[in-house]
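# Coordinate inspection notes
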Amino acid sequence: MAGIGPLVATGRTSDVYEFGRGSVVKVFRPYVPVHWAAREARFTSAVREVGAPAPAVRGLVEIGGRDAIVFERVLGPSLWELMVESRRGAAEVARELAAVHRCILSVGLPFEVTGATERIHSKIAIVEQLTSEERVEARRVLDSLPRGAALLHGDLHPGNVLIGPEGPVVIDWFDSAIGHPIADVVRSSLLLRPFGMAQERPHLPGARSALLREMHDSYVAAMSDVLTAPIDQLRQLEAVVAASRLAEDAEASKSPLLALWRGRDRRGQSPLLEALSSISADQQPE
């Protein structure tokens, strides 16, 4: 691919390369729908305008016949890299992630970003692992939950937070939406937790279960004042978010996501609810 520099990062749907002075170019894979690049560029510019810590968009280009976005280059590691390299502890990374998340949830509402409920609806509609009856039920459950009005990132985890010279910068705004803050915190909880016997979390390379558990529980503790819905409602929301995650084909194992969806009416405790229960127990008077 002429005109681009060395590979900077690689992900499930794209590769990122150096691109001229002070820029990178995110090149989408050939199978990615043609509108994705324009959508992510538009959303990123919109959330940056209302004060979210997003990188500047410098244009849309075509690289080797593939759609691509030019961004400003953020010179700094991700929160996840800092933890893997033992420069930050899991609990510290969790608290930093929570602080960034609060910033995102508190900024204005960009006009260009769509509703979270509609976004989740569209994902559930294409989940092959669910029966047609389950897809109908998932949409019914979703419609019964509060909608809210805050900016949601939609995919916030330590790998998507870069620590630049001027502070944190959040990347990958393709799934940003307007919705209830609890939904975004539940989504991040899902991305952070260890997945039973499935050790591999592709978005968090090199993850170890013990570190994930510590980071997840510390993050939930830091965001517990946002997770104020009744336990049954949290369980239902978690189930719907897990079901919609299946549409992304992003996990090494689908079983934990399916288990969350199909166990939504049982009284078992997921890692999210266990972490919240632990916080509540700690706050009880002796």
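Coordinates for the structure precede this section.
Quick summary incoming for the structure in this document. (Residues numbered from 1 in each chain as written. Predicted model: local features only at pLDDT ≥ 70, side-chain atom pairs only at ≥ 80, totals over all residues. Heavy atoms only, no water.)

Another aspect to go through is the packing of aromatic side chains. Between two aromatic rings, the relevant description is the distance of the centres plus the angle of the planes. Applying the stated rule across the entire model yields 1 aromatic pair. Over the ring of F174 we find R39; its NZ or CZ atom is 5.0 Å from the centre of that ring. (Phe/Tyr/Trp six-rings, centres within 6.5 Å; stacked < 30°, edge-to-face > 60°. Lys NZ or Arg CZ within 6 Å of the ring centre and 35° of its normal.)

Looking now at the side chain of S188. In this fold, S188 is placed in helix α6 (residues 181-192). The class of S188 is buried, set by a relative accessible area of 0%. Leaving out residues up to four positions away in the same chain, S188 has contacts with H101, L156 and Y219. (Helix = DSSP H or I, 4+ residues; strand = E, 2+ residues; numbered from the N terminus. Buried < 20%, exposed > 50% of the residue type's maximum accessible area, 1.4 Å probe, protein only. Contact = heavy atoms within 4.5 Å.)

Once that is clear, we can look at the pattern of salt bridges. Per the counting criterion, the structure on display carries 25 salt bridges. The partner of D175 in a salt bridge is R119, with the nearest N and O atoms 2.5 Å apart. Of this pair, D175 sits in the loop between β8 (167-170) and β9 (177-179) while R119 is found in helix α4 (residues 116-124), placing the two residues 56 residues apart along the sequence. The residues D175 and R119 share a single accessibility class, namely buried. A salt bridge links D175 to K123; the nearest nitrogen and oxygen atoms lie 3.2 Å apart. Of this pair, D175 sits in the loop between β8 and β9 while K123 sits in helix α4, and the two are 52 residues apart along the sequence. You'll find D175 and K123 in the same group, each marked buried. When salt bridges with common partners are traced through the structure, they connect R119, K123, D155, D175, R187, R201, R245, E248 and E251 into a single cluster. (Salt bridge = Lys/Arg side-chain N within 4 Å of Asp/Glu carboxyl O.)

A large share of strand β5 (residues 66-72) lies buried, amounting to 5 of its 7 residues. Here strand β3 (residues 23-28) pairs with β5 via 5 bridges, running antiparallel. Bridged to K26 within β5 is I69. Across 6 bridges, the pairing between strand β4 (residues 57-63) and β5 is antiparallel. Across the sheet, the residue bridging to E62 is D67, located in β5. In textbook terms, the turn of a hairpin is the stretch between consecutive antiparallel strands, and for β4 and β5 this stretch comprises 2 residues, one of which, G64, has a positive phi near 60°. (Pairing = 2+ DSSP bridges.)

Turning our attention to the sheet that holds strand β2 (residues 14-18). Read from one edge of the open sheet, 5 strands run β1-β2-β3-β5-β4, paired in antiparallel fashion. The sheet terminates laterally at β1 (7-10) and β4, the two strands that pair on one side only. Pairs of neighbouring strands in the sheet enclose a mean axial angle of 25°, with direction left out of account. Packing of helix α1 (residues 36-49) onto the sheet brings it into contact with β3, β4 and β5, and relative to β5 it is tilted by some 20°. (Axes fitted to C-alpha atoms, helices over the stretch in contact; angles between N-to-C directions.)

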